[in-house]
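# Structural characterization, general
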Amino acid sequence: MVLTDAEGVVAEVDGPDRLDDEDVPDPAAGAIGAKGWLVQLSVKPSTEATWPQELAVYLARAADGVVYDPQQDVVTWPPGFQPRDRETGESRIEQLAIDWYTAWPSDDLELPARLLRLLGAHLPEAQPQRYGGFEPLPYRFEGDGATEAFIERWIEEARSWSPGLSWTTTRPCFGGSATMSTALAPERQRPGEAIVRIGIGVDGRALSRDPAYTERIVELFRASSTELRCVYAAASVERGVIAKGSRVSADYRTEVGPMPRSDRWIGLPASPTWLAWFGEPYAELVRPSIGAHLAAESQGEGLFLRMGAAPMNADELADRFPPLPTTLIARKINQPAQWFANGAYTLMAGPPSQPAEVIPQLTRTLDR
C-alpha cells in the first residue's frame with residue numbers, strides 16, 4: 001500500500017509478515033510472544049510530517065504491538081518501553097499500584113461483597129482467579145457459590161492473628177490483596193487506627209497503550225473510594241518492577257511506592273501520588289492545602305485529586321503535587337515529619353513508617 005499526502009510525502013506500507021520472537025531486534029525484545037506480525041512503514045522523502053508516526057502508533061495500539069525505528073534502533077512507542085532480557089525472560093516495567101484504606105470492619109461480610117461488585121462492574125480483570133491467605137493459593141473463584149466462598153474466606157482471615165487475603169487476576173492486572181489490622185492483639189499496644197487496606201497492581205504498559213483503559217482505572221478508583229467509604233486511597237507508579245509472564249517481583253532497583261509500612265493506619269504518605277482520595281475525616285483537614293488545586297474536586301464527602309491525564313511517576317510529580325500538612329503525614333524514625341516531594345522509595349530505603357503527629361479517630365459506622 002502506498003499513501004501520499006498533499007505535500008508529496010509518500011509512505012509505503014508493507015506486510016503484515018509473520019515474525020518469530022528471535023527475529024525481533026534486541027531493543028524491541030518482548031514486543032511479541034513466540035510469534036507475531038511485522039508491518040513496515042517506509043517514508044520518503046525525509047519529512048517533519050507527523051502522520052506517518054501517528055499511523056504507526058495507530059497500528060501498534062490496535063495490534064498490541066510497538067513502534068520500532070531501525071534508524072535510531074529504539075522503540076519510539078509506547079513511551080517507557082523496556083526490552084525483555086532474552087536470557088531470563090524478564091522485563092523491567094512500570095506498575096500502577098492502587099491502594100484503598102477503609103475503616104469498615106474487616107469481618108463484615110458486606111465489605112468483600114461490595115468490593116467484588118465494584119471490580120466486576122469496572123475492572124473484571126481484577127476479580128479473583130485463585131485466592132487464599134498463604135502460598136500456593138489454595139482456592140479457586142469458580143462455580144455458583146464462588147462469591148459466597150470468597151466472602152467466607154475473607155471473614156475467616158479477618159478474624160485471625162495475621163489477617164490477609166491475596167488473589168491472582170488476569171492481565172493486565174498483577175494480583176490483588178486485602179490486609180487487615182488484627183482484632184486479637186490489644187489496640188493500646190500498637191500505634192494508629194485499625195484499618196483495611198485493599199490493593200491491586202496494573203501493568204503500566206496497558207495504560208500507556210490505551211488512554212481509554214486509563215479512564216476505566218480512574219472510574220474504578222473513584223467509585224471504590226466512595227462506595228467503600230475510604231479514609232484515603234491512592235494510585236502511584238512503581239518503576240523497575242520485574243515482570244515475567246503473569247507475575248511480578250522486586251529487587252533493590254524496584255520502586256515500592258510511598259504508602260507507609262504498617263498494618264494499622266498511621267497517617268498519610270509523605271510523598272506525591274498520581275491519584276489521591278481523601279475521605280472522612282481527612283477531606284476537611286487537607287482542603288486548605290489542595291482545595292484550590294486545579295485538579296482537585298469534591299465528590300460527596302471526599303476530595304479527589306488527579307495530577308495528570310496519564311499516570312505520573314515520582315520525578316514527574318515532584319514539582320506539581322501540593323504538599324500535605326506535616327502534622328498528618330507519616331514520619332521517619334526519630335525525625336520530625338517532612339514532606340518528600342521526590343519520594344522514590346525502594347525495598348532498602350522505604351517510605352516513612354512512624355505514626356503522624358495527628359491521627360484522627362476513624363469512623364466505623366456503616367451506611368446500610
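Computed from a predicted structure; not experimentally measured.

## Remarks on helix 3 (residues 146-158)
- For helix 3, spanning 13 residues, the distance from its first C-alpha to its last is 18 Å, which sits close to the expected 18 Å at 1.5 Å a residue.
- Within helix 3 the residues assigned to the buried category are A146, F150, I151, W154, I155, E157 and A158. One side of helix 3 carries all its buried residues, which in axial view fall inside an arc of 165 degrees. Structural note: helix 3 exposes E148 and E152 on the side pointing more than 90 degrees away from its buried face.

## Some thoughts on the sheet that holds strand 1 (residues 2-4)
- Strand order in the open sheet formed by three strands is 1-2-3, and the pairing between neighbours is antiparallel. With partners counted over all chains shown, the strands left at the sheet margins are strand 1 and strand 3 (35-44), one partner each. Between one strand and the next, the sheet's axes are offset by a mean angle of 25 degrees, whatever the strand orientation.
- Direction of pairing for strand 1 relative to strand 2 (residues 10-20): antiparallel, over a ladder of three bridges. The residue bridging L3 from the neighbouring strand is A11, located in strand 2.

## Quick word on helix 5 (residues 211-227)
- Here helix 5 spans 24 Å end to end across 17 residues, near enough to the 24 Å set by a 1.5 Å rise per residue.
- Among the residues of helix 5, Y213, T214, I217, V218, L220, F221, R222, A223, S224 and S225 are the ones counted as buried.
- Just downstream of helix 5, R229 is the residue with a positive phi angle, here 50 degrees.

## Some points on the packing of helix 2 (residues 110-122) against helix 3
- Remark: helix 2 packs on helix 3, axes separated minimally by 9 Å, with the N-to-C direction vectors making an angle of 135 degrees. As judged from the angle between their axes, helix 2 and helix 3 are oblique. Two packed elements cross with a definite hand, and for helix 2 against helix 3 that hand is right-handed. Touching L111, P112, A113, L115 and L116 of helix 2 are T147, F150, I151 and W154, all from helix 3.
- Residues that form the contact of helix 2 with helix 3 fall into these classes: eight nonpolar, one polar and no charged.

## Digging into the pairing of strand 10 (residues 173-180)
- A large share of strand 10 lies buried, amounting to six of its eight residues.
- A loop of five residues connects strand 9 (residues 164-167) with strand 10, the two strands running antiparallel in sequence.
- Of the pairings in the sheet, the one linking strand 10 to strand 11 (residues 196-203) comprises six bridges and is antiparallel in character. When the sheet's bridge partners are listed, T179 is paired in strand 11 with R197.

## Thoughts on the state of the cysteines
- Inspection of the entire model under this criterion finds zero disulfides.
- Free cysteine: C230, not disulfide-bonded; nearest cysteine sulfur from C173 at 17 Å.
- Taking the relative accessible area as the measure of exposure, C230 reaches 2% and is therefore buried.

## As for the nonpolar core
- Judged by nonpolar contacts, the single largest core of 73 residues is most densely connected at W154, I198, L268 and F278.
- If one sorts the elements of this core by residue count, strand 12 (residues 230-244) sits on top with seven residues.
- Listed in part, the eight residues of the second largest apolar core include L19, V24, I32 and F81.

## A short note on the pattern of salt bridges
- Considering all chains together, one arrives at 18 salt bridges under this definition.
- Its salt-bridge partner being D26, residue R86 comes within 2.8 Å of it at the nearest N-O pair. Separated by 60 residues along the polypeptide, R86 in the loop between strand 5 (74-77) and strand 6 (91-102) and D26 in the loop between strand 2 and strand 3 bring together distant segments of the chain.
- In this structure R86 comes out as partly exposed when scored by relative accessible area, which is 39%.
- Two residues, R159 and D107, come together in a salt bridge whose shortest N-O distance is 3.4 Å. In this pair, R159 sits in the loop between helix 3 and strand 9 while D107 sits in the loop between strand 6 and helix 2, placing the two residues 52 residues apart along the sequence.
- Among the residues examined, R159 registers a relative accessible area of 53% and is labelled exposed.
- Among the residues examined, D107 registers a relative accessible area of 33% and is labelled partly exposed.
- Among the charged side chains, a network of salt bridges with common partners joins D21, D26, R84 and R86.

## Re the environment of T273
- Examined against the element boundaries, T273 turns out to sit in the loop between strand 13 (247-249) and strand 14 (275-278).
- What makes T273 buried here is its relative accessible area of 1%.
- The spacing of T273 and A6 is 267 residues in sequence and 45 Å in space, taken between C-alpha atoms.
- When sequence neighbours within four positions are dropped, the list of residues in contact with T273 reads Y232, A234, A235, S236, P258, M259, M307, L317 and F321.
- Looking at T273, its side chain comes within polar contact range of the main-chain oxygen of L275, at 2.7 Å.

## Some remarks on the packing of aromatic side chains
- Following the criterion strictly, the structure yields 13 aromatic pairs and no others.
- When the centroid spacing of 5.6 Å and the interplanar angle of 35 degrees are considered together, the rings of Y131 and Y139 count as tilted.
- An aromatic cluster is present here, built from Y131, Y139, F141, F150, W154 and W167 joined pairwise through their rings.
- Geometry around W37 places R18 over its ring, the cationic atom sitting 4.5 Å from the centre.

What counts and what doesn't
Residues numbered from 1 in each chain as written. Predicted model: local features only at pLDDT ≥ 70, side-chain atom pairs only at ≥ 80, totals over all residues. Heavy atoms only, no water. Helix = DSSP H or I, 4+ residues; strand = E, 2+ residues; numbered from the N terminus. Expected span 1.5 Å × (residues − 1). Buried < 20%, exposed > 50% of the residue type's maximum accessible area, 1.4 Å probe, protein only. Arc of directions from axis to C-beta. Pairing = 2+ DSSP bridges. Axes fitted to C-alpha atoms, helices over the stretch in contact; angles between N-to-C directions. Parallel < 35°, antiparallel > 145°, perpendicular 65-115°, else oblique. Left-handed = near helix turned anticlockwise from the far one by under 90°. Contact = heavy atoms within 4.5 Å. Nonpolar A, V, L, I, M, F, W, Y, C, P; charged D, E, K, R; others polar. Disulfide = S-S within 2.5 Å. Core = buried A, V, L, I, M, F, W, Y, C linked by side-chain atoms within 4.5 Å. Salt bridge = Lys/Arg side-chain N within 4 Å of Asp/Glu carboxyl O. Polar contact = N/O pair within 3.5 Å; in protein donor to acceptor, adjacent residues only side chain to side chain. Phe/Tyr/Trp six-rings, centres within 6.5 Å; stacked < 30°, edge-to-face > 60°. Lys NZ or Arg CZ within 6 Å of the ring centre and 35° of its normal.

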